[in-house]
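An overview of the molecular structure
What follows is the residue order along each chain.
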Amino acid sequence: MNSTGIIGYGHMGGMLVKGFITSGALSPGEIVVASRSRRSLDACAAAWPGVGIAATNADIARRCRTVIIAVRPQEVGGVLCEIAPALAGDEHIVSLAAGISLAAIEDAYTGPVTRVVPTITSAVGEGTTLVCHGRQVGMDNALRVERLFSAIGSVVAVSEADLPAATLLSSCGPGLLASLIEELAGAAVRASGIPPDRALLLATEMVAATGAYLRETGRAPGDLVGEVATGGGITEVGVRGFRERLPAVFDEVFAAMLERYGTVGRPLSDERSYPG
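Residues numbered from 1 in each chain as written. Predicted model: local features only at pLDDT ≥ 70, side-chain atom pairs only at ≥ 80, totals over all residues. Heavy atoms only, no water.

Looking only at helices and strands, the protein features twelve helices and eight strands. Principal-axis analysis of the C-alpha atoms gives the protein an extent of 70 × 40 × 35 Å. The buried share of the protein, taken over its 276 residues, is 40%. Accessible surface, the protein: about 14600 Å² in total, of which carbon and sulfur atoms supply 58%. (Helix = DSSP H or I, 4+ residues; strand = E, 2+ residues; numbered from the N terminus. Buried < 20%, exposed > 50% of the residue type's maximum accessible area, 1.4 Å probe, protein only. Areas by Shrake-Rupley, 256 points an atom, 1.4 Å probe, with all protein chains shown as cover.)

Once that is clear, we can look at the packing of helix 7 (residues 163-170) against helix 11 (residues 234-264). Close contact between helix 7 and helix 11 brings their axes to 10 Å; oriented N to C, the two are set at 120°. Remark: the crossing between helix 7 and helix 11 carries right-handed chirality. The segment helix 7 lies against helix 11, with Leu163, Pro164, Ala165, Thr167, Leu168 and Leu169 engaging Phe254, Met257, Leu258 and Tyr261. Residue composition of the contact of helix 7 with helix 11, grouped by class: nine nonpolar, one polar and no charged. (Axes fitted to C-alpha atoms, helices over the stretch in contact; angles between N-to-C directions. Left-handed = near helix turned anticlockwise from the far one by under 90°. Contact = heavy atoms within 4.5 Å. Nonpolar A, V, L, I, M, F, W, Y, C, P; charged D, E, K, R; others polar.)

Turning next to the side chain of Ser170. Its place among the elements puts Ser170 in helix 7. In this view, Ser170 contacts Thr119, Thr128 and Leu130; residues no more than four positions away in its chain are not counted.

The subject of this paragraph is the packing of aromatic side chains. Overall, the coordinates contain one aromatic pair when judged by the stated rule. Ring geometry for Phe20 versus Phe149: centroids 5.5 Å apart, planes at 85°, classification edge-to-face. Of the two residues, Phe20 is situated in helix 1 (residues 11-22) and Phe149 in helix 6 (residues 139-149); the sequence distance between them amounts to 129 residues. The exposure classification of Phe20 matches that of Phe149, with both residues buried. (Phe/Tyr/Trp six-rings, centres within 6.5 Å; stacked < 30°, edge-to-face > 60°.)

In structure tokens:
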């Protein structure tokens, strides 16, 4: 019962298994995995000898102290229906599903529940995992989950009210930033004879170096802007253009993303037929 179960071995589940083991946070023998895909389970067993393979999701519930649900939001309701009869009530359910509220999960299970939002950059041990604990989560369970996910990056606890906007920054943010890198590189290509692959490399390295500079020096982005964008200089022209045009663009983008976020968990929120 001290094992950690992971239901779902897609991209996210696979990343968690790899991160927990390679960081030393868990040994293979402390992890049990379930998936509806036989191919995924075979891949897990081949990559990580010693990891337990569960026959069913309910088997995970019976064997594990912490149960991480790493499936798509629309599949969470079905998983809860499967595992609820096997839960004793003191297991810690950890949901990675965006848009599925604590209240919706607690309708199916009255024990401790935590929402966790990892990020794709956790695959390289970077980025921030958001954590939001339910009302039944005690200090020991909260610390255990936070220590576990700190093995794959930093951990920040947020309120559920702030979780949607924080998710756009920490979890959706890498996709948004990657699209901006593409646009910066594309603009350089259109304005010059720089080959596309070289422009993309320059833009990617610049963004990585800028993030490292801000993190290592502790300086605010505005401080860096002031250092680079000297009065009447080249950078000042670009920064002024961004500041004039981007706030409205970003506000529109965030509004659309938050609207979509609010629709993700509706099928589960409307479901009221859980056992137990």
